[in-house]
Amino acid sequence: MRYVRAFGRFWWDFIVGDDWRVAAGLAVALGLTAVLTHSGVNAWWLMPLAVGGLLAGSVWRASRE
Amino acid sequence: MNTSEILILLGAFSASAVEMVEALTIVLGVGVVRGWRSTLIGVGAATIVLAALVAALGPALTYIPIATLRLIVGALLLAFGMQWLRKAVLRSSGYKPMHDEDEAFRRERAEAAAAGREEKAGLDWYAFTVSFKGVLLEGLEVVFIVISFGSAQGRLGLAAAGAAAAVVVVTLAGVLVRGPLERVPENTIKFAVGLLLTSFGCFWGAEGAGVDWPGDELSLLAVLGFLGLLSFVLVRALKRQRVALRPSEAGA
């Protein structure tokens, strides 16, 4: 059980890292992009804006902690 | 060679170089104190595991449809790249201490000297396991970047060549300097790699989600420029905030 937990922890740190909100936000933004493009809107602008917003929010929160 | 191929080569080389500098510090710290035989066997074993991973995962990914692959790789690169970029912004603005290879080398040496001696399979087990784990963990990030970069663009060989060149350069530099490479501008390179990973992630992730980028690959440069400018603005704003909150650190 200890090894399973350590394995899960490794991958969590590897992919999600210090701020889970960024990973969650990216997943939502990618999902929204897929929904919009499949509805006929070429939402190329969404990901750069989402990434910029998430980065700014994350470093701002970290600076306040 | 087109724009994205040049960026893939640069990205794989830079990312691998900074990770290898960190691995080199661990290997040197252990090797100098505990001897080289077990340390280098640990390095060799980790290298074999990493090469096997690339050999197994690389071709396996070619069976996944390119749009799905780009969506998955884009999402992973975004998650990974944002971690690098976030840390780089926080380090550059003074909210996180800079990574210090010299300090890491001294810590590694002290721990290696304090550890007890245990022989297993004719090896100094401490030297073997620490160098194996160090190279494997730092190398996993390299493998991840090489496979992501290479597979999403169908240029695995190019990304692997960039990484291999970095391994050769860092190893040669380590042999020549005979010490940690503390003069490598590691944080600056990490900033650049974070920008590259995030930009590629943004580009491929959106493309995998069905987006048709205006200007095709030229959009990649625009995304890179936008995120670079934003990061610069964030560093400036956070520096100003830090000085305003703690005026005594104004000169720091």
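Residues numbered from 1 in each chain as written. Chains lettered and ligands numbered in written order. Predicted model: local features only at pLDDT ≥ 70, side-chain atom pairs only at ≥ 80, totals over all residues.

Next up on the list: unusual backbone geometry. Located in the positive-phi region is Asp-216 of chain B, a residue other than glycine, with phi close to 50 degrees. Take Asp-216 of chain B: it is sitting in the loop between α7 (186-208) and α8 (218-245). (Helix = DSSP H or I, 4+ residues; strand = E, 2+ residues; numbered from the N terminus.)

Our focus in this paragraph is the interface of chain A and chain B. Across the boundary between the two partners, chain A contributes 26 residues, which contact 29 residues of chain B. Taken together, the elements giving at least two residues each to the side of chain A that touches chain B come down to α2 (20-38) and α3 (46-64) of chain A. Looking at which element gives the most residues to the side of chain A that touches chain B, the answer is α3 of chain A, with 11 residues. Broken down by class, the residue content of the side of chain A that touches chain B amounts to 17 nonpolar, 8 polar and 1 charged. (Contact = placed C-beta atoms within 7 Å. Nonpolar A, V, L, I, M, F, W, Y, C, P; charged D, E, K, R; others polar.)

For the rest of this paragraph, the subject is the packing of helix α1 (residues 3-34) of chain B against helix α4 (residues 101-114) of chain B. Residues and elements named next belong to chain B. At a minimum axis separation of 8 Å, α1 and α4 run at an interaxial angle of 35 degrees. For the pair α1 and α4, the crossing hand works out as right-handed. In this structure, α1 contributes Val-21, Thr-25, Ile-26, Leu-28, Gly-29, Val-30, Val-32, Val-33 and Arg-34 to the contact, and α4 contributes Glu-101, Ala-104, Phe-105, Glu-108, Arg-109, Ala-112 and Ala-113. Taken together, the residues that form the contact of α1 with α4 break down as 10 nonpolar, 2 polar and 4 charged. (Axes fitted to C-alpha atoms, helices over the stretch in contact; angles between N-to-C directions. Left-handed = near helix turned anticlockwise from the far one by under 90°.)

Here Phe-232 of chain B is to be found in helix α8. C-beta crowding within 10 Å serves as the criterion here: with 13 such atoms nearby, Phe-232 of chain B is assigned to the partly exposed category. (Buried ≥ 20, exposed ≤ 12 C-beta atoms within 10 Å, placed from the backbone.)

This next bit is on the packing of α1 of chain B against α7 of chain B. Angle between the axes and distance between the axes are the two parameters that describe a pair of packed helices. Residues and elements named next belong to chain B. Across the interface, α1 lies against α7 with an axial gap of 9 Å and an inter-helix angle of 140 degrees. Relative to α7, α1 is oriented oblique. Crossing angle aside, the handedness with which α1 passes α7 is left-handed. Every residue of α7 that contacts α1 at Leu-7, Gly-11, Ser-14, Ala-15, Ala-17, Val-18 and Val-21 is listed here: Glu-186, Ile-189, Lys-190, Ala-192, Val-193, Leu-196 and Leu-197. Classifying every residue of the contact of α1 with α7 gives 10 nonpolar, 2 polar and 2 charged. (Parallel < 35°, antiparallel > 145°, perpendicular 65-115°, else oblique.)

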